[in-house]
Amino acid sequence: MNKIGFVGLGNMGLPMSENLLNSGYTVYGVDVQSEAEAAFEQFGGIIGISLPNLSKLCEVIITSLPSSKAVETVYLGEEGLIENSRPGLLIIDTSTVAPEVNQKVESAAKRKGIEFLAAPVSGGVVGAVNRTLTFMVGGPKKAYDRSIPLLQSLGENIFHVSEKIESGTTTKLINNLLIGFYTAGVSEALNLAEKSDLNLEKLFEMLSVSYGQSRIYERNYKSFIANEHYEPGFSLKLLRKDLGFALDLAEKQQLKLPMSKILFEMYEEAEQKGFGEKDMSVLYKKISQQQATIL
Ligand code: NAD
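As the structure is a computational prediction, the values presented were derived from the model and not from experiment.

### Focus: the overall build of the protein
Consideration 1: Helix and strand counts for the protein come out as 13 helices and 8 strands.
Consideration 2: For 295 residues, the compact-globule formula gives about 19 Å, and the C-alpha radius of gyration of the protein, at 20 Å, lands near that figure.
Consideration 3: Structurally, the protein occupies a C-alpha span of about 65 × 45 × 35 Å along its principal axes.
Consideration 4: Pairs at least 24 apart in sequence give 66% of the contacts found in the protein among residues at least 6 apart.
Consideration 5: When the accessible surface of the protein is split by element, carbon and sulfur atoms take 54% of a total near 14,300 Å².

Encoded structure:
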């Protein structure tokens, strides 16, 4: 297992592929954006290869793509990974997509006799850089066992959720539903604190040793809000995408989640107002601007 393909060299994919290179793998990278491929080449990655050739050349291919549509294009098209795969290929999708897309890809992979795992990740760009990602893997145990050395070079906590292909995705959507709540909570609470003349740094120090503490508070405040820096990270539009998948899942289970629905609408509105490409923590900024308009 030496030749690895990596498709999607974005905020997550680029540091992950760099870690594979640093672990001694030969890595071939593909992205629709030439700047992303150029950045990957600078780390020693190989570019300029088409998707069909990638599928013929590599033993394992990992993908990190921004949407269900992109995953369907990369996996299921005539020029896609599965149609052109070689026997013995293992493909691992680390993107967060609709559970139905995991199922569709698995069916196509089975027809071709190749192995597929749906393995979304948590831990953000920091986790991708520092190899501390959590993997939530759904799919056959045999393929999971085969993937372990590779996933261990990308992350710290590797979980096989179950043989059900979408089980990792379901876990991840529940994780991101919580991220959505925490991010909205931090955004509203810190706006209230600021309006009440509290020092945000001092507040962080005190709440860090109180029950108001959370990893998302630390992440959103320390890395973004305190520095007034909102380049992603995890973009607000990607979080909105995942909240939509979580709501679809609830609907399928005939479960009413009124707070989650409001949450989704909040992020949807922020995206419509032009905050979608920024880090999710920008919700804090959006709320403060909104207050200024109301006043
Ligand atoms: P991103 O938008 O930064 O990167 C996606 C990359 O895929 C881009 O470089 C884009 O050009 C490329 N791409 C799009 N369509 C393509 C195609 N058809 N062929 C080849 N390349 C294509 O997104 P990201 O933040 O890196 O997230 C990637 C995935 O990981 C998403 O599904 C996201 O939900 C998930 N995720 C992100 C984070 C995070 O903190 N950013 C954390 C956990 C999981």
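### With respect to the nonpolar core
One recurring pattern in soluble globular proteins is that nonpolar side chains are buried together.
Consideration 1: Membership of the largest hydrophobic core comes to 31 residues, with the highest contact counts inside it found for Leu 54, Tyr 75 and Ile 91.
Consideration 2: Setting aside anything within four residues of it in sequence, one finds Ile 91 in contact with Ile 61, Tyr 75, Leu 81, Ile 82, Ile 114, Glu 115, Phe 116 and Leu 117.
Consideration 3: Leu 200, Tyr 221, Leu 239 and Leu 283 belong to the second-largest nonpolar core, a separate cluster that totals 30 residues.

### As for the UniProt feature "domain: 3-hydroxyisobutyrate dehydrogenase-like NAD-binding" (unreviewed entry) in the protein
Consideration 1: In the numbering used here, UniProt assigns the feature "domain: 3-hydroxyisobutyrate dehydrogenase-like NAD-binding" (unreviewed entry) to residues 167-285.
Consideration 2: With 72% helix and 0% strand, residues 167-285 has its two end C-alpha atoms placed 35 Å apart.

### Digging into a nonpolar patch on the surface
Consideration 1: Judged by side-chain polarity, Ile 174, Leu 178 and Tyr 182 come together as a nonpolar surface patch covering roughly 290 Å² of accessible area.
Consideration 2: Position of Leu 178 among the secondary structure elements: in helix α8 (residues 167-195).
Consideration 3: The class of Leu 178 is partly exposed, set by a relative accessible area of 42%.

### With respect to the packing of α8 against helix α11 (residues 236-252)
Consideration 1: Across the interface, α8 lies against α11 with an axial gap of 9 Å and an inter-helix angle of 120°. When the axis of α8 is compared with that of α11, the two are oblique. As for the relative orientation of α8 and α11, their crossing is left-handed in sense. Facing Thr 170, Leu 173, Asn 176, Leu 177, Ile 179 and Gly 180 of α8, the residues of α11 in contact are Leu 239, Asp 242, Leu 243, Phe 245, Ala 246 and Leu 249.
Consideration 2: Across the contact of α8 with α11, the residue classes break down as 8 nonpolar, 3 polar and 1 charged.

### Focus: α11
Consideration 1: Taking 1.5 Å as the rise per residue, α11 with 17 residues should run 24 Å; its terminal C-alpha atoms sit 25 Å apart, in good agreement.
Consideration 2: Looking at the buried residues of α11, the elements they touch are α4 (68-76), α5 (99-112), α8 and α12 (258-275).
Consideration 3: Backbone geometry just downstream of α11 places Gln 254 in the positive-phi region, at approximately 50°.

Rules used in this analysis
- For every chain, the first residue of its written sequence is number 1, and the numbers climb from 1 along that sequence.
- Residues qualify for local features only when their pLDDT is at least 70, as the model is predicted, and side-chain atom pairs are given and counted only at 80 or more; totals for whole chains, interfaces and linings, by contrast, use all residues.
- Only hydrogens and water are removed before side-chain values are computed, so all heavy atoms of the structure are retained for them.
- Numbering of helices and strands starts at the N terminus; helices are DSSP runs of H or I of at least 4 residues and strands are runs of E of at least 2.
- Radius of gyration here is computed from C-alpha atoms only, and the compact-globule reference equals 2.2 Å multiplied by the residue count raised to the power 0.38.
- Any two residues whose heavy atoms approach within 4.5 Å at even a single point are treated as in contact.
- Here the open area of atoms and residues is found with the Shrake-Rupley method and a 1.4 Å probe, where only the protein chains shown may cover a residue.
- To define a nonpolar core, start from buried Ala, Val, Leu, Ile, Met, Phe, Trp, Tyr and Cys residues and group those joined through side-chain atoms within 4.5 Å.
- Relative accessibility under 20% of the residue-type maximum defines a buried residue, over 50% an exposed one, and the middle range a partly exposed one, all with a 1.4 Å probe and only protein chains included.
- UniProt positions are given in the numbering used here, feature names are shortened, and annotations may be inferred rather than shown by experiment.
- The patch calculation keeps residues exceeding 30% relative accessible area without a salt bridge and links them within 9 Å when they carry like charges or within 5 Å when they are nonpolar (Val, Leu, Ile, Met, Phe, Trp, Tyr).
- A pair is scored as a salt bridge if a Lys or Arg side-chain nitrogen falls within 4 Å of a carboxyl oxygen belonging to Asp or Glu.
- For helices, the fitted line uses only the C-alpha atoms of the stretch in contact; every axis is such a line through C-alpha atoms, and the angle between N-to-C directions lies from 0 to 180 degrees.
- Comment on the angle field: the value is read as roughly parallel under 35 degrees, roughly antiparallel over 145, roughly perpendicular from 65 to 115, and oblique elsewhere.
- Crossing handedness is defined as follows: a turn of the near helix away from the far one that is anticlockwise and smaller than a right angle gives a left-handed crossing, while the clockwise case is right-handed.
- Polarity classes work like this: nonpolar for Ala, Val, Leu, Ile, Met, Phe, Trp, Tyr, Cys and Pro, charged for Asp, Glu, Lys and Arg, and polar for all others, with Gly in that last group.
- Each helix should span, by expectation, one fewer than its residue count multiplied by 1.5 Å.

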